[in-house]
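Next come the chains, spelled out residue by residue.
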Amino acid sequence: MILVTGGAGFIGSNFILNWLAHRDEPVLNVDKLTYAGNAATLRGVEHDSRYVFAQVDICDREAIDGLIQKHQPRAILHFAAESHVDRSIRGPGEFVQTNVVGTFTMLEAATAWYRTLSGGQREAFRFLHVSTDEVYGSLEPNDPAFNERTPYAPSSPYSASKAASDHLVRAWHHTYGLPTLTTNCSNNYGPYQFPEKLIPLTITNALGGKALPVYGDGRNVRDWLYVEDHCEAIDVVLDRGVPGETYNIGGCNELANIDVVKTICRFLDELKPTSSGVPYAQQIQFVTDRPGHDRRYAIDARRIESELGWRPAQTFETGLHKTVQWYLDNTEWVEGVTSGEYRCWIETHYV
Ligand code: NAD
Ligand code: TYD
């Protein structure tokens, strides 16, 4: 089986649902269930005999060792992280703990397990570390996109902690020979994303008749990738990636935040017009900028395309349309995750 950490979060749960839909191999999901982890997302596979869930903190070495001994994974896919930049600015401690100490703990446990393997099992074992393009820092408007040789220059506590985790993964490969794979991906969007990130926040706020907060001048640029395309890329890297290597994954969809928000408003006007007939874009509100806000991210994904044959299936228009429709069809899921802790964050952050 494969062991997935953080499988109750946005990307991890999409990955598990896709995996179980297309493959027979069982999955062990190790997740602490922080505010960002939602067991409800995986309700559809809860009783599937190929799915096992363990509520465990990745920093708990003893518990991780016990799970590895019991389930003997042929690969570990490490998604678990604290992932929201704004939260990292307000409380960086958890980010260092989970992203740095947690990754260190997973690497130690994986290395100990790898050492016990021999023959074909040893050959086949992989530790796949899921990371972000934010480790490369911020681009100027005309800079070339990030490639796998771009120097690291993280600028938020989140990206610094992810950069640290990438360095640990690299070191565990070079020093201990652990067969690692690292992926650095651009901004994801799609079903089951917690509505504190830009796209689901905009959709849910719009439907709730609330302000659509756009930081600063709204001209910060992100390279958006539909989450299923990211999951597909991870699959491909797991199967065909070269141990010790890094693969950048991106959507080739660079957009300014204000254009993303306006596109969401346009789709909502079409799919669920307001009862008053007033366009959703009237709810847009420019708010105080994020401190140290990175101006632009862009991914050069030529390596994964030429070496492993992956390219995204969705354009931003098709992926975003599906996403807006998904949030319209799944209001129950949204209500389930926007509980006390969520309201508290929104009230504090957007004061
Ligand atoms: P998420 O915040 O939605 O989910 C994180 C999951 O990890 C949650 O289920 C949470 O409960 C779990 N978790 C947190 N701390 C844990 C701990 N100490 N022990 C066990 N589980 C713990 O994050 P996401 O958006 O799904 O991101 C997944 C990974 O992909 C992260 O490593 C992130 O850095 C990376 N990434 C995300 C994006 C994006 O746009 N969301 C883009 C590129 C890379
Ligand atoms: P976010 O979804 O938090 O992802 P990241 O910070 O990892 O890129 O934010 C995406 C962009 O949207 C980023 O430039 C910040 C901006 N943003 C807003 O303008 N308003 C908001 O309310 C949020 C949450 C983000």
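Please read these numbers as outputs of a predicted model, since none were measured by experiment.

A. Geometry of the pattern of salt bridges. For the coordinates displayed, the defined rule picks out 17 salt bridges. One salt bridge connects R61 with D65, and the closest N-O pair in it is separated by 3.0 Å. In this pair, R61 and D65 are both assigned in helix α2 (residues 61–71), four residues apart and thus about one turn of the helix distant. For D65, a relative accessible area of 25% gives the class partly exposed. Across the pair R87 and E341 runs a salt bridge, and its minimum N-O distance is 3.0 Å. With a gap of 254 residues between them, R87 in helix α3 (residues 85–90) and E341 in helix α13 (residues 340–349) connect regions that are remote in the sequence.

B. Structural context of unusual backbone geometry. Phi is positive for Y192, which is not a glycine, with a value near 70 degrees. Unusually for a residue other than glycine, C252 sits at a positive phi of about 55 degrees. If you trace the backbone, C252 turns up in the loop between β11 (246–249) and β12 (254–256). Judged by its relative accessible area of 71%, C252 falls in the exposed class.

C. How the structure looks around the sheet that holds strand β5 (residues 126–132). One open sheet accounts for seven strands, arranged β3-β2-β1-β4-β5-β6-β11; its pairing is parallel. Here the strands that pair on one side only, and so sit at the sheet edges, are β3 (51–54) and β11. Going from strand to strand, the sheet's axes swing by 20 degrees on average, the running direction of each strand aside. In this structure, strand β6 (residues 180–185) lies alongside β11, joined through four bridges in parallel fashion. In the strand pairing of β11, C185 is matched with I249. Relative to β5, helix α6 (residues 157–176) is tilted by about 155 degrees, and along the sheet it contacts β5 and β6.

D. Broad picture of the side chain of Q314. Mapped onto the elements, Q314 comes out in the loop between α10 (302–308) and α11 (316–329). When sequence neighbours within four positions are dropped, the list of residues in contact with Q314 reads Y226, D229, N253, G319 and K322.

E. Local environment of the site of ligand 2. Near ligand 2, the surroundings consist of 18 residues, among which E134, R222, R290, H293 and Y350 are the closest. In the environment of ligand 2, an oxygen atom lies 2.9 Å from a nitrogen or oxygen atom belonging to the side chain of N257. Here ligand 2 loses 97% of its free accessible area of 510 Å² to cover by the protein chains. Elements with a contribution of two residues or more to the shell around ligand 2: α3, α7 (198–207) and β8 (212–215). Element by element, the count of residues in the shell around ligand 2 is highest for β8, at three residues. Split into classes, the residues belonging to the shell around ligand 2 amount to seven nonpolar, five polar and six charged.

F. Quick look at the nonpolar core. Grouped together as the largest cluster of nonpolar side chains are 34 residues, with contacts concentrated most on I2, V4, F15, L77, L128 and I304. Setting aside anything within four residues of it in sequence, one finds I304 in contact with A233, V237, Y247, N248, I249, G309 and W310. Counting 32 residues, the second-largest nonpolar core is a separate cluster that includes A206, V221, I264 and Y280.

G. Spotlight on the pairing of β6. Of all six residues making up β6, six are buried, and the element is well covered by its neighbours. Of the two faces of β6, the one lined by T180, T182 and N184 and the one lined by L181, T183 and C185 are each fully buried. Where β5 and β6 come together, six bridges link them in parallel fashion. Pairing of V130 across the sheet is with T183, part of β6. Once you follow β5 into α6 and on to β6, the crossover reads as right-handed.

Here is what the cut-offs are and how they apply
- Residues numbered from 1 in each chain as written.
- Chains lettered and ligands numbered in written order.
- Predicted model: local features only at pLDDT ≥ 70, side-chain atom pairs only at ≥ 80, totals over all residues.
- Heavy atoms only, no water.
- Salt bridge = Lys/Arg side-chain N within 4 Å of Asp/Glu carboxyl O.
- Helix = DSSP H or I, 4+ residues; strand = E, 2+ residues; numbered from the N terminus.
- Buried < 20%, exposed > 50% of the residue type's maximum accessible area, 1.4 Å probe, protein only.
- Pairing = 2+ DSSP bridges.
- Axes fitted to C-alpha atoms, helices over the stretch in contact; angles between N-to-C directions.
- Contact = heavy atoms within 4.5 Å.
- Near = heavy atom within 4 Å.
- Polar contact = N/O pair within 3.5 Å; in protein donor to acceptor, adjacent residues only side chain to side chain.
- Areas by Shrake-Rupley, 256 points an atom, 1.4 Å probe, with all protein chains shown as cover.
- Nonpolar A, V, L, I, M, F, W, Y, C, P; charged D, E, K, R; others polar.
- Core = buried A, V, L, I, M, F, W, Y, C linked by side-chain atoms within 4.5 Å.
- Right-handed = clockwise from strand over helix to strand, strands pointing away.

Coordinates in, geometry out; function isn't part of it.
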